[in-house]
Amino acid sequence: MSSENKGKLKFAFYWAASCGGCEIAVLDINEKILEVVEHVDILFWPVAMDTKYSDVEAMDDESLDVCFFNGAIRTSENEHMAKLLRKKAKILVAFGSCAADGCIPGLANVSNREEIFDVAYVDNPSTDNPGKVTPKTKTRVSEGELTLPEFYDTVKTLDQVVDVDYYIPGCPPPTKLISQAIDAIVENKLPPKGSVLAPLKSVCDECPRERSEKKIKEIKRVYEVENVDPNVCLLEQGIICMGPATRGGCGAACLDANMPCTGCGGPTPNSFDQGAKMLSALASVLGVENEENMSEEEIRKLVDQVKDPLGTFYRYTLPRSLINRRVIKK
Amino acid sequence: MDRIGVFVCHCGVNIAATVDVDEVVDFAGKLDGVVVSKSYKYMCSDNGANLIKESIKKFKLDGVVVASCSPQMHEHTFRRVVEEAGLNPFVLEIANIREQCSWVHPDRKEATEKAKLLVKGAVAKVRLLEPLVREKVKVTPKALVVGGGIAGIQASLDLSEKGFHVYLVEKEPSIGGRMAQLDKTFPTLDCASCILTPKMMDVKNHPNIELFAYSEVVSVDGSIGNYRVKVVRKPRYVDFDKCTGCGDCVNVCRMKGKVPDEFNMNLGKRGAVYIPFPQAIPLKATIDPEQCLFLRYGKCGRSPACQDVCEAEAIDFTQREELVEFEVGVIVVATGYDLLDPSALYEYGYSRYKDVITTLELERLISSSGPTGGEIVCPSDQRKPGSVTFVLCVGSRDETVCTWCCRVGCMTALKQAYLLREHLGDDVEINICYTDIRSFGKRYEEFYRRIRGVKTNFFRGRPSEVKEKKDGLTIDVFDTMTNKLFEIKTDLVVLVPAVVPRNDSSDLGKILHVSRGADGFFLEAHPKLKPMDTFTDGIFIAGCCQGPKDIQDSVAQASGAASRAANILSKEELEAEPLIAFVDEDFCSGCATCVSVCSFNAIELMKKEDNKYVARVVEALCKGCGSCVAACPSGAMQQKGFKDDQILAVVDVLGGEA
């Protein structure tokens, strides 16, 4: 699809519950952005342009070619914009881990609105709020009624709210994946709907470290290992690396910095629950050499070496995982 | 698959009494993809099989669900039926509506609902099944027998008689095992050596048996039909071919009479160079490197006496361990047992009091080839005992030590009581403290009655303590028959210890791929129907490594194991089970997690030309256990017949989502 024949492609970028990192990632493609602008008109991009929601509402349905949507669905505003942009865009891309998998905001699914508001607005050492005022969707003031979006109990992924066409994983997505996605869109070479625009294999495929058998005797946190060997698989050194259960495309960048993969690429194509897959793998190899002779007590001790299991195995994928959230007792 | 037949079995009343079979049949008939649904009283009968076969042909079925008992019972039956009707045997799925439904649920309505769900799940799975092919594997017509005790000897002789080459590996310098240490056997009072040594000679002389004594199996790879075995032959420091077994070296060894003799349960002493017992097979001297002065210090007098005296010039201090490799089709494991070290029960004073001994020690004292030449004396002062007291169930049938019965203790004590009476005369007092006398074998009860008749005192109770006093040992025992507390004064206490797994059985189990039960003994594949099979195809167990048993049971089991093994060896080729793991290389990133969990060395990590890694399943070695599939963090490893999408289809049905 060349710009001469059919006119420029129309893009939108939007951020929902996110940190802003994904926006930076778009700029991280550096001079490629000039190429993008050559083929593309950006009609809506709150972080960079002064456009209003009403401008989007005024657009014809499917008048946008592509919308890159980053951020999870945390509030009614996020949900409203997701539905609106779905209607206006031919192709909706869940851009980055929050939109695709729920990511860090999604870890709040171990809590609920009441508890979150309590910590954020009432019960913390730096807050003085004797009236225990927390955000309300409607507040009467002398000038009239003020409104705020509703804060949901549960964080959702974009595809739990609207139909999503493509996914670009990563926290934030690696520039290589972004460039490739844009090229595919511009050249009209997109794979079938529903595809994740990233490699099929896990991070290990891109990791140059030597690996052999993983007979892990104990689990350590990074600071507990003196002289982490930069050439040997981190799991084999007792450090939990989510690489084997995480979709690649990042070039194993964290491993290159001698730090373990934390899993931002999300699950691999053949798995629907990244955390469960990694747990299953780790449980299979942990203490495997002496398994038969270990008492329940010793096994528990070994397993207890995993600090913060939820934050380790489900750091990026809790909302889309099987466990999804803590059960809310009514 | 969209032409599926569902066949629901009544199993007499086993299923039909609890599950409304007609309702299940009606329900199944309406499921997507199902073209015929029928029931029969016994689907596993010829009539049932014919019903399935006719339906396959008549309705041109491409998939079959049988709702019946556990697949462990009849999956192979129905696979054959399906195959005979011209379908691939692996487009069959069993819905277990007996063990997992009718037998465990009392409520007819709920059980029927569950049976319907199980059938629906099976139909969902069959729709996704793929035809699989059984590969042919050539069989190496040779056997490995591990352990040269009576069970190993019997299995070797049976297999060699059937014409198969047998490698018999024994870790001690001689075969014979525990039985060689016994004087007489119960209840016939046959001389143990007299009935054992001819068999040992047969092993030595049989052209089909290759004996590796003083050797250990260090690794086993491969699978049924083709196991690759590595054996380490330990150095005897004696040239095997030159040594004539004359014993000259044994007599001149400078350490003679200084080294505790393990064959005699450390009651006697041997030298550094030794032949464990006169009838040893092979009859070759062995130098104990831990004790030999020359091997330890590089110096033994002016020159090693053994070397000086050996006319055959067989002494060779330069010998090293030797690694031998060979291939076999089957393995029989007959590694025997240990006796519990009774020091574990402090109150009985074993190892604290010299005159507290075990039955095996007494056996050596009774034996004319034993350390005292058959003289029965108290170890403390070499005096003939005036009173001997047996304590049965030392550690056996005891929740805190060994829960199981040793099965030989009662009869051993009765036999030894008889032998003591014979050797020491009428004036020796014999006491037996027992829990229950278990004389279950053929002619055992008669033997027990005979002993009860010869002035033997029976106390029904477990002694609380053995104490040493100035004038000998005393035992406190509460007799539950008379409700009286007795204090027995005695000269010699004989403990009957529990029979326990060999201390190296954990390592051995790993090397041989044999699983162990909670008690530590090797585990049979089925306690009733496959007592000699293990969970690894082509590997069998015999004798006390599987659990305590007496000689006749060990011999019977060994012959049985040999026969089971011969079933395999007599075939030229086997069909390999196709339900094995495979790697989808498009998704595998070679993280090697699967390699670490495979117990069968069936997964290789390959480095490709582009320096990237990928895992590969060696199909001949894969047992289809599924460990790697569960461990694979990316889902690249799948199992044929149990692929994620096939299992999830069932889960969705059972979870009410489909």
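Since this is a predicted model, take the numbers as computed values, not measurements. (Residues numbered from 1 in each chain as written. Chains lettered and ligands numbered in written order. Predicted model: local features only at pLDDT ≥ 70, side-chain atom pairs only at ≥ 80, totals over all residues. Heavy atoms only, no water.)

**A short note on the sheet that holds strand 29 (residues 539-541) of chain B**
Residues and elements named next belong to chain B.
- Spatially, 10-7-6-18-29 is the arrangement adopted by the five strands of the open sheet, whose pairing is parallel. Sheet topology places strand 10 (209-212) and strand 29 at the edges, where each strand pairs with a single neighbour. For this sheet, the mean inter-axis angle between neighbouring strands, taken without regard to orientation, is 20°.
- Against the sheet, helix 6 (residues 150-161) makes contact with strand 6 (142-146), strand 7 (165-169), strand 10 and strand 18 (330-333), and its axis sits at roughly 165° relative to strand 7, the strand it touches most. (Pairing = 2+ DSSP bridges. Helix = DSSP H or I, 4+ residues; strand = E, 2+ residues; numbered from the N terminus. Axes fitted to C-alpha atoms, helices over the stretch in contact; angles between N-to-C directions. Contact = heavy atoms within 4.5 Å.)

**Overview of the domain arrangement of chain B**
- Taken domain by domain, chain B comprises domain 1 (4-126), domain 2 (248-309), domain 3 (337-500) and domain 4 (581-640).
- Each of domain 1 of chain B and domain 4 of chain B was reduced to a C-alpha centroid, and the two centroids are 34 Å apart. (Domains from an automatic or database assignment.)

**Re the interface of chain A and chain B**
- Chain A puts 29 residues into the contact, and the matching count from chain B is 31 residues.
- Of the roughly 2300 Å² buried between chain A and chain B, counting both surfaces, carbon and sulfur atoms make up 49%.
- The largest share of the area that chain A buries against chain B comes from K201, R211 and N270 of chain A, three residues that together contribute 25% of it.
- Counting the contacts that link chain A with chain B gives three salt bridges.
- With its nearest N and O atoms 3.2 Å apart, the salt bridge here joins D205 of chain A to K612 of chain B.
- Joining chain A to chain B, the criterion identifies 13 residue pairs in polar contact (both at pLDDT 80 or more).
- Partitioned by chemical class, the residues of the side of chain A that touches chain B number ten nonpolar, eight polar and eleven charged. (Buried area = accessible area lost by both parts, 1.4 Å probe. Salt bridge = Lys/Arg side-chain N within 4 Å of Asp/Glu carboxyl O. Polar contact = N/O pair within 3.5 Å; in protein donor to acceptor, adjacent residues only side chain to side chain. Nonpolar A, V, L, I, M, F, W, Y, C, P; charged D, E, K, R; others polar.)

**Considering the environment of T157 of chain A**
Residues and elements named next belong to chain A.
- Within the secondary structure, T157 sits in the loop between strand 8 (151-156) and strand 9 (166-168).
- Overall, T157 belongs to the buried group, its relative accessible area being 0%.
- Contact partners of T157, with chain neighbours within four places excluded, come to I73, C98, A99, A100, D101, G102, P319 and R320.
- Polar side-chain contacts of T157 include one of 2.6 Å to the side chain of D159. (Buried < 20%, exposed > 50% of the residue type's maximum accessible area, 1.4 Å probe, protein only.)

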